[in-house]
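A structural walkthrough
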Amino acid sequence: MAVSSLYPFNPTLQCSPAAATGLEFQLLRPVGKRSCKFVVSYTHSNAKILKSNRKSKFGETLNPYDSSDEEDEEEDEFEFDHGDDWLLNDEFAEPSVQFEVDGKRVKSKKKTIAKQGRPKQSTAKTREKAGVRNLRHTKSNPKITRKTADNNTYEKLYEEIALDKRWFPLLDYLTTFGLKESHFVQIYERHTASLQINIISAKERLEYLLSVGVKQRDVKRILLRQPQILEYTVEKNLKPHVAFLIGLGIPNSRIGQIIAAAPSLFSYSVENSLKPTVRYLVEEVGINEKILGKVVQLSPQILVQRIDISWNSRYIFLSEELGAPRESVVKMVTKHPQFLHYSIYDGLLPRINFLRSIGMNDAEIVKVLTNLTQVLSLSLEDNLKPKYTYLINELHNGVQSLTKYPMYFSLSLDQRIRPRHKFLVALKKAPEGPFPLSSFVPTDESFCQQWAGTSVDTYLAFRQQLLLKRFAEKYEKQG
């Protein structure tokens, strides 16, 4: 897909060159007296596409961001997928916001999404409101009943929501994907209109998703995260979005996985949101267009992020905290785009400080992060610290060895590092002095040929025995 065919990216930056490097990061941490004004305008907040007085076919007042017409939906651009990352920040697309930096007031046309995910309403309160609203419709619509329908299949569901028996065919169909009554309550509370879709339309849409590679087992998860997908027509929404993904160079075999990972991408306009995001990644961030498809496969959520804020804040942080050059940060995004989701102060900074605590200088940290950006996603207590302790106490290596073999941190301590070390020690083939970290890199077959001189079966049997022994020791301590 030619970058030149993409629309201009909506967000604009207005500041002097000297102040540009302070963008947004000043909102996170004061870095100096710089004057900067950051203006963002997204199509998601376009007043022309908001209909505040719309009602559903059952008379319910709908959220202006929801769609009620199952045959002629507009492409909603208002649901934002936050994913499941424990380091997730709050930088997904929000309505038009304007930041005044250096102590000036932060203005917003809509409340911002709270950190670590969107705010959750009280379930009981939501159900109470929904129940009162729908009971009003019961009086004027004799087809809406509670505990009086001939079909008692969803008896428990009647106790939770104002259930319409006309929904039964759709509910019966959705149960074939593993959805239960508790799941229907979640969908009802999140987007009631999704349950008002007729079964023929729902089947057409879900069968299309299955035809492009979505797994049967993933449909339930998709519907719980993005129930509006039942309202999106195949021709006007689903097909254009799939064609967009294919245009990025994503192979057909991976389309289903992308949809399952980020179903909210269907709620974004291809022309006005997704293509400008791609343009920004290529022209502003500097990602090579030829590998853009691979980047999206690594982190589909990058398409629905506020990429301007995510990129600028992390680039500025790494350049000021570590002196990281721009090209190094671009490589980090290319290798591990998930790090654009990670919180700066709860995710990136603690891991940088850990590397400093073991004796690395800033230049060495940049080298490690550039070669193995996944370090930023690893748990300190369960991963980084135990591996470093083993490196020093058992392998008798220094911290300098990590700059040469940073992938040591990405290897399993129980499944690879400890078994191979102990195996060579048992064979009396472990070299004197620091244990060579290069022995952890090759496959089991190559390791046995080059280092152990034994069969793979012999090594695997030793590893299994070692794992059982450690499990027994751990069980005894817990007992």
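Parameters at a glance
Residues numbered from 1 in each chain as written. Predicted model: local features only at pLDDT ≥ 70, side-chain atom pairs only at ≥ 80, totals over all residues. Heavy atoms only, no water. Helix = DSSP H or I, 4+ residues; strand = E, 2+ residues; numbered from the N terminus. Buried < 20%, exposed > 50% of the residue type's maximum accessible area, 1.4 Å probe, protein only. Areas by Shrake-Rupley, 256 points an atom, 1.4 Å probe, with all protein chains shown as cover. Axes fitted to C-alpha atoms, helices over the stretch in contact; angles between N-to-C directions. Parallel < 35°, antiparallel > 145°, perpendicular 65-115°, else oblique. Left-handed = near helix turned anticlockwise from the far one by under 90°. Contact = heavy atoms within 4.5 Å. Nonpolar A, V, L, I, M, F, W, Y, C, P; charged D, E, K, R; others polar. Polar contact = N/O pair within 3.5 Å; in protein donor to acceptor, adjacent residues only side chain to side chain. Phe/Tyr/Trp six-rings, centres within 6.5 Å; stacked < 30°, edge-to-face > 60°. Lys NZ or Arg CZ within 6 Å of the ring centre and 35° of its normal. pLDDT = per-residue confidence, 0-100.

Another point: the overall build of the protein. Looking only at helices and strands, one finds 21 helices and four strands in the protein. When burial is assessed residue by residue, the protein has 50% of its 479 residues classed as buried. When the accessible surface of the protein is split by element, carbon and sulfur atoms take 50% of a total near 23,200 Å².

Here helix α9 (residues 234–247) crosses helix α10 (residues 252–261) at 120°, and the two axes come no closer than 10 Å. The angle between α9 and α10 places the two elements in the oblique class. Crossing handedness for the pair α9 and α10: right-handed. Across from V242, L245 and I246 in α9, the residues of α10 making contact are N252, I255, I258 and I259. Residue composition of the contact of α9 with α10, by class: six nonpolar, one polar and no charged.

Turning our attention to unusual backbone geometry. A positive phi angle is found at H396, which is not glycine, with a value near 55°. Note on placement: H396 falls in the loop between α17 (380–393) and α18 (400–404). Although it is not a glycine, K428 adopts a positive phi angle of roughly 60°. The exposure class assigned to K428 is exposed, which follows from its relative accessible area of 76%.

Glancing now at the environment of S455. By the element assignment, S455 lies in the loop between α20 (444–452) and α21 (456–478). Between the C-alpha atoms of S455 and D444, which are 11 residues apart in sequence, the distance is 9.6 Å. Of note is the side chain of S455, whose polar atom sits 2.8 Å from the side chain of T458.

Once that is clear, we can look at the environment of G347. Examined against the element boundaries, G347 turns out to sit in helix α15 (residues 344–357). Looking at G347, the relative accessible area reads 0%, which means it is buried. A C-alpha to C-alpha distance of 9.4 Å links G347 and S379, two positions 32 residues apart in sequence.

Looking now at α17. Along α17, the residues that are buried comprise L380, N383, L384, K387, Y388, Y390 and L391. Of the surrounding secondary structure, the elements contacted by the buried residues of α17 are α15, α18 and α19 (413–426). The backbone nitrogen of D382 has a side-chain oxygen 3.2 Å away, supplied by the residue at the start of α17, namely S379.

Relative to the assigned elements, D308 resides in helix α13 (residues 307–322). Separated by 23 residues in sequence, D308 and V285 have C-alpha atoms that sit 8.8 Å apart.

Turning to the packing of aromatic side chains, a few remarks are in order. A complete count under the given rule lists 14 aromatic pairs for this structure. Three or more aromatic residues link up through ring pairs in this structure, and these residues are Y154, Y158, F168 and F184. A cation over an aromatic ring shows up here: R326 above the ring of Y315, its NZ or CZ 5.3 Å from the ring centre.

Turning next to the confidence of the model for the protein. Confidence in the prediction for the protein averages 76 pLDDT; 68% of positions are at 70 or higher. Note that pLDDT drops below 50 for residues 1–151; the model gives that stretch 326 contacts with residues more than four away or on any other chain.

This part takes up helix α14 (residues 326–335). If you check which residues of α14 are buried, you get S328, V329, V330, M332 and V333. Tucked into the core, α14 has its buried residues touching α11 (270–285), α12 (292–298), α13 and α16 (362–371).

It is worth spelling out the side chain of H191 at this point. With respect to the element layout, H191 can be found in helix α6 (residues 181–191). Side chain to side chain, H191 and E231 meet in a polar contact 2.5 Å long.

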